[in-house]
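# An overview of the molecular structure
This is what each chain is made of:
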Amino acid sequence: MFKYETIIFWSEADQAFVGEIPELPGCMAHGDTYQAALANLIDAGQLWIDTAIEFGDPVPEPKGRRLAYA
(Lines give C-alpha, C1' and ligand atoms only; values in the text may rest on other atoms or scores of the structure.)
Protein backbone atom coordinates (compact mmCIF):
# COMPACT_ATOMS: atom_id res chain seq x y z
CA MET A 1 0.00 0.00 0.00
CA PHE A 2 1.25 3.44 -0.95
CA LYS A 3 1.47 5.56 2.22
CA TYR A 4 3.20 8.74 1.09
CA GLU A 5 1.39 12.06 1.16
CA THR A 6 0.24 13.06 -2.31
CA ILE A 7 -0.80 16.49 -3.51
CA ILE A 8 -2.80 16.81 -6.71
CA PHE A 9 -3.90 20.12 -8.19
CA TRP A 10 -5.21 21.55 -11.44
CA SER A 11 -2.62 23.50 -13.44
CA GLU A 12 -4.09 26.12 -15.75
CA ALA A 13 -0.70 26.55 -17.42
CA ASP A 14 -0.47 22.85 -18.25
CA GLN A 15 -4.20 22.23 -18.64
CA ALA A 16 -3.75 19.04 -16.63
CA PHE A 17 -3.88 17.70 -13.10
CA VAL A 18 -0.40 17.71 -11.56
CA GLY A 19 0.61 15.57 -8.60
CA GLU A 20 3.62 15.48 -6.36
CA ILE A 21 4.96 13.46 -3.45
CA PRO A 22 6.74 16.00 -1.22
CA GLU A 23 8.65 13.33 0.73
CA LEU A 24 10.27 12.04 -2.49
CA PRO A 25 12.16 15.04 -3.91
CA GLY A 26 11.35 15.74 -7.55
CA CYS A 27 8.66 13.06 -7.74
CA MET A 28 5.85 14.48 -9.88
CA ALA A 29 3.38 13.27 -12.50
CA HIS A 30 0.37 14.58 -14.39
CA GLY A 31 -2.80 13.39 -16.07
CA ASP A 32 -5.89 14.55 -17.93
CA THR A 33 -8.07 13.52 -14.97
CA TYR A 34 -7.55 13.48 -11.22
CA GLN A 35 -7.63 9.68 -11.28
CA ALA A 36 -5.06 9.48 -14.10
CA ALA A 37 -2.75 11.89 -12.27
CA LEU A 38 -3.03 9.80 -9.10
CA ALA A 39 -2.32 6.54 -10.94
CA ASN A 40 0.66 8.12 -12.73
CA LEU A 41 1.93 9.57 -9.45
CA ILE A 42 1.78 6.18 -7.72
CA ASP A 43 3.75 4.68 -10.61
CA ALA A 44 6.28 7.54 -10.44
CA GLY A 45 6.62 7.12 -6.68
CA GLN A 46 7.32 3.41 -7.03
CA LEU A 47 9.87 4.13 -9.76
CA TRP A 48 11.52 6.75 -7.51
CA ILE A 49 11.78 4.21 -4.68
CA ASP A 50 13.02 1.41 -6.96
CA THR A 51 15.69 3.70 -8.42
CA ALA A 52 16.84 4.86 -4.99
CA ILE A 53 17.18 1.25 -3.84
CA GLU A 54 19.05 0.31 -7.04
CA PHE A 55 21.62 3.07 -6.45
CA GLY A 56 21.84 2.56 -2.69
CA ASP A 57 20.24 5.89 -1.86
CA PRO A 58 18.06 6.28 1.25
CA VAL A 59 14.30 5.94 0.92
CA PRO A 60 12.38 8.15 3.36
CA GLU A 61 9.84 6.51 5.62
CA PRO A 62 6.31 7.78 4.91
CA LYS A 63 5.21 10.31 7.52
CA GLY A 64 1.58 9.45 6.90
CA ARG A 65 0.28 12.95 7.58
CA ARG A 66 0.99 16.50 6.64
CA LEU A 67 3.19 18.20 9.20
CA ALA A 68 3.02 21.80 7.94
CA TYR A 69 0.50 23.86 6.03
CA ALA A 70 1.33 26.83 3.85
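Details of the structure are given in the entry above.
Residues numbered from 1 in each chain as written. Predicted model: local features only at pLDDT ≥ 70, side-chain atom pairs only at ≥ 80, totals over all residues. Heavy atoms only, no water.

Take the packing of aromatic side chains next. What describes a pair of aromatic rings is the distance from one ring centre to the other and the angle between the planes of the rings. In total, this model carries two aromatic pairs according to the counting rule given. Ring centres of tryptophan 10 and phenylalanine 17 lie 5.0 Å apart, and the angle between their planes is 70°; on these two criteria the pair is classed as edge-to-face. Among the residues examined, phenylalanine 17 registers a relative accessible area of 21% and is labelled partly exposed. The interplanar angle of 80° and the centroid separation of 6.2 Å between the aromatic rings of phenylalanine 17 and tyrosine 34 together place this pair among those described as edge-to-face. Placement of the pair is phenylalanine 17 in strand β2 (residues 16-20) and tyrosine 34 in helix α1 (residues 34-54), with a sequence separation of 17 residues. With a relative accessible area of 42%, tyrosine 34 lands in the partly exposed category. Through pairs of rings, three or more aromatic residues link up here, namely Trp10, Phe17 and Tyr34. (Phe/Tyr/Trp six-rings, centres within 6.5 Å; stacked < 30°, edge-to-face > 60°. Buried < 20%, exposed > 50% of the residue type's maximum accessible area, 1.4 Å probe, protein only. Helix = DSSP H or I, 4+ residues; strand = E, 2+ residues; numbered from the N terminus.)

Among the structural elements, glutamate 23 can be located in the loop between β2 and β3 (28-31). No salt bridge is formed by the buried glutamate 23; its nearest oppositely charged neighbour, lysine 63, is found at 4.9 Å. Engagement of the side chain of glutamate 23 in a polar contact is seen with the backbone nitrogen of glutamate 5, the distance being 3.4 Å. Here the side chain of glutamate 23 touches lysine 63 through a polar contact of 2.8 Å, landing on its backbone nitrogen. (Lys, Arg positive; Asp, Glu negative; His and termini not counted. Salt bridge = Lys/Arg side-chain N within 4 Å of Asp/Glu carboxyl O. Polar contact = N/O pair within 3.5 Å; in protein donor to acceptor, adjacent residues only side chain to side chain.)

What follows is about the sheet that holds β2. Overall, antiparallel pairing links the three strands, which are arranged β1-β2-β3 in an open sheet. Either end of the sheet is taken by a strand with one partner, and the two such strands are β1 (7-11) and β3. Adjacent strand axes in the sheet meet at a mean angle of 25° when their direction is disregarded. Summarising the sheet, β2 and β3 pair through four bridges and their orientation is antiparallel. The residue bridging phenylalanine 17 from the neighbouring strand is glycine 31, located in β3. (Pairing = 2+ DSSP bridges. Axes fitted to C-alpha atoms, helices over the stretch in contact; angles between N-to-C directions.)

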